[in-house]
Amino acid sequence: MTRPTPLLRTLLFVPGDRPDRIVKAVASGADGVAIDLEDAVAAAQKDAARTSVRSALHALPDDGLPVLCVRINAVDSGLAEDDVAALESVLARIALVIVPMSSDPDGIRCAAELLGRAERSAGVDVGRVGIVPLVETAAGILAAPAIAESHERVHTLAFGPADLSRELGITPTADGDEFLHARSQLVLAAAAAHRPPPIDGPYLDLADADGLARSARRARALGFGGKQVIYPAQIAAVTDAFSATQAEVDWARAVDVAFTAAEAEGVSSIRLPDGTFVDYPIARRARAILAGVR
């Protein structure tokens, strides 16, 4: 089984062939850092990137690190096997491998097999590295439930808007209405598979701070647990959007106190002074909010 991994409100992507940026990303304050061996690395630099990633991860301190992830190349690219093999000596430092262009369960099972082989070779616990399928095609969206259930290594799903928008011939917007069905599919698939909420795609207009905040708030309202970011300056706004507001925390505390008292008296449904009806599902939602701020 995979090691428990916290929710990733912010997942900062950084090119694998830029070790200087890897160090900065780790110190950025992002919840997770995704070191990229795929789109951010030119074809001629793949081998150099693998070496850079390995060296950078070896050089990191043992404590105080964000969740470390590596995006490998697509399983059917002919590059994924070499990517995973190159990571053998640093697998103990990697929490998650992101598998791009995930469109069917077989691809995830193939990635899991590559990881198992590498873990055995490296002498680390088999199953410790989780997988995040990056769903960025129409086929992947339609297969999202099967992908989420495909292997025990699957931590959650992630949304990739760039390739999907190209495939569908649409232009991404801050409000994201054009992706409402696709994103909702991922949220439902992750929940049905009992995975943490999925990770939304990045907002690609670095100059549009208002659009970024709006996009992040919309993603949270849809049920995403976090968002990919591509520049450190995006971290604060996304973190804020995916953090409970003081009003939400106050509401959750009031619900928890009242429902705990009711439970002690053998009552499982109550009405708060403001008229809010509370039963077990509402109480669990309140307690989940409090668990996230403790």
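The residue numbers shown here count from 1 along each chain, following its written sequence. Restriction of local features to residues with pLDDT of at least 70 applies here, the model being predicted, together with a cutoff of 80 or more for giving and counting side-chain atom pairs; totals for whole chains, interfaces and linings are based on all residues. Calculated side-chain values reflect all of the structure's heavy atoms, with hydrogen atoms and water omitted.

In the nomenclature of an unreviewed UniProt entry, the chain is known as CoA ester lyase of Mycolicibacterium hodleri. UniProt positions are given in the numbering used here, feature names are shortened, and annotations may be inferred rather than shown by experiment. Listed in UniProt under the heading Cofactor (unreviewed entry), the comment for the chain reads: "Mg(2+)".

A. Unusual backbone geometry, seen in detail. Unlike most non-glycine residues, methionine 101 shows phi in positive territory, near 55°. Structurally, methionine 101 can be placed in the loop between β4 (96–99) and α4 (105–122). Its identity is not glycine, yet histidine 194 carries a phi of approximately 60°, on the positive side. Put simply, DSSP H or I for four residues or longer makes a helix, DSSP E for two residues or longer makes a strand, and each gets a number counted from the N terminus. Take histidine 194: it is sitting in the loop between α8 (180–192) and β7 (199–200). What makes histidine 194 exposed here is its relative accessible area of 73%. Buried residues are those whose accessible area, probed at 1.4 Å on protein chains only, stays under 20% of the maximum for their type, while exposed residues exceed 50% and partly exposed ones sit between those limits.

B. Structural context of the pairing of strand β1 (residues 10–15). With 6 of 6 residues buried, β1 is to be regarded as a mostly interior element. Residues Thr10, Leu12 and Val14 of β1 are buried on one face, and the alternating residues Leu11, Phe13 and Pro15, pointing to the opposite face, are buried as well. For two strands to count as paired, DSSP must find a minimum of two bridges between them. Strand direction decides the pairing type here: β1 and strand β8 (residues 226–229), joined by 3 bridges, are parallel. By the bridge assignment, leucine 12 is partnered in β8 with valine 229. Looking at chain direction, β1 and strand β2 (residues 32–36) are connected through 5 bridges and run parallel. Its bridge partner lying in β2, proline 15 is registered against aspartate 36. At this point the chain moves from β1, through helix α1 (residues 19–26), to the parallel β2, and the crossover so formed is right-handed. Classification remark: right-handed applies to a crossover when, strands pointing away from the viewer, the course from the first strand over the helix to the second runs clockwise.

C. Structural view of the UniProt feature "binding site: Mg(2+)" (unreviewed entry) in the chain. The residues that UniProt annotates with the feature "binding site: Mg(2+)" (unreviewed entry) are Glu136 and Asp163. Spatial clustering of the annotated residues is evident: they stretch over 28 residues in sequence, but the largest pairwise C-alpha distance comes to 5.7 Å. Here glutamate 136 shows up in the loop between β5 (130–135) and α5 (138–142). Taking the relative accessible area as the measure of exposure, glutamate 136 reaches 4% and is therefore buried. Beyond its immediate stretch of four places on either side in the chain, glutamate 136 contacts Pro100, Met101, Gly160, Asp163, Leu164 and Glu167. The criterion used for residue contact is that any of the two residues' heavy atoms lie within 4.5 Å.

D. Molecular detail of the environment of tyrosine 231. The topology assignment puts tyrosine 231 in the loop between β8 and α10 (235–241). It is 8.5 Å that separates the C-alpha atoms of tyrosine 231 and valine 14, two residues lying 217 residues apart in sequence. For tyrosine 231, the residues in contact, after removing those within four places along its chain, are Leu12 and Leu206.

E. View of a nonpolar patch on the surface. Patch membership is restricted to residues that have no salt bridge and whose relative accessible area is over 30%. Joining uses 9 Å for like charges and 5 Å for the nonpolar side chains Val, Leu, Ile, Met, Phe, Trp and Tyr. The accessible surface values rely on the Shrake-Rupley method and a 1.4 Å probe; as for residues, cover is taken only from the protein chains in view. Take a side-chain nitrogen of Lys or Arg and a carboxyl oxygen of Asp or Glu: if they are within 4 Å of each other, that pair is a salt bridge. Where nonpolar side chains cluster on the molecular surface, the patch consists of Leu204, Leu206, Ile230 and Tyr231 and spans about 390 Å² of accessible area. Position of isoleucine 230 among the secondary structure elements: in the loop between β8 and α10.

F. A look at the side chain of aspartate 83. Along the chain, the position of aspartate 83 falls in helix α3 (residues 80–86). Look at aspartate 83 and you get buried, because its relative accessible area is 1%. Pairs of N or O atoms are called polar contacts if they sit within 3.5 Å, as long as, within protein, a hydrogen donor faces a hydrogen acceptor (for residues adjacent in sequence, only side-chain-to-side-chain pairs). Among the polar contacts made by the side chain of aspartate 83, one reaches the side chain of asparagine 73 at a distance of 2.8 Å. Beyond its immediate chain neighbours, meaning those up to four positions away, aspartate 83 contacts Leu37, Arg50, Ile72 and Asn73.

G. Molecular detail of the pattern of salt bridges. For the structure shown, the criterion picks out 19 salt bridges. For glutamate 38, the salt bridge is made with arginine 71, and the minimal N-O distance between the two is 3.3 Å. One end of the pair, glutamate 38, is in the loop between β2 and α2 (46–59); the other, arginine 71, is in strand β3 (residues 67–71), with 33 residues separating them in the sequence. As far as the burial class goes, glutamate 38 and arginine 71 line up, both buried. Among the ionic pairs, arginine 287 bridges to aspartate 256, the shortest N-O distance being 2.7 Å.

H. Highlighting the domain arrangement of the chain. Throughout the structure description, domain borders are defined by an automatic or database domain assignment. What the domain assignment reports for the chain is domain 1 (10–242) and domain 2 (246–292). The distance between the C-alpha centroids of domain 1 and domain 2 comes to 34 Å.

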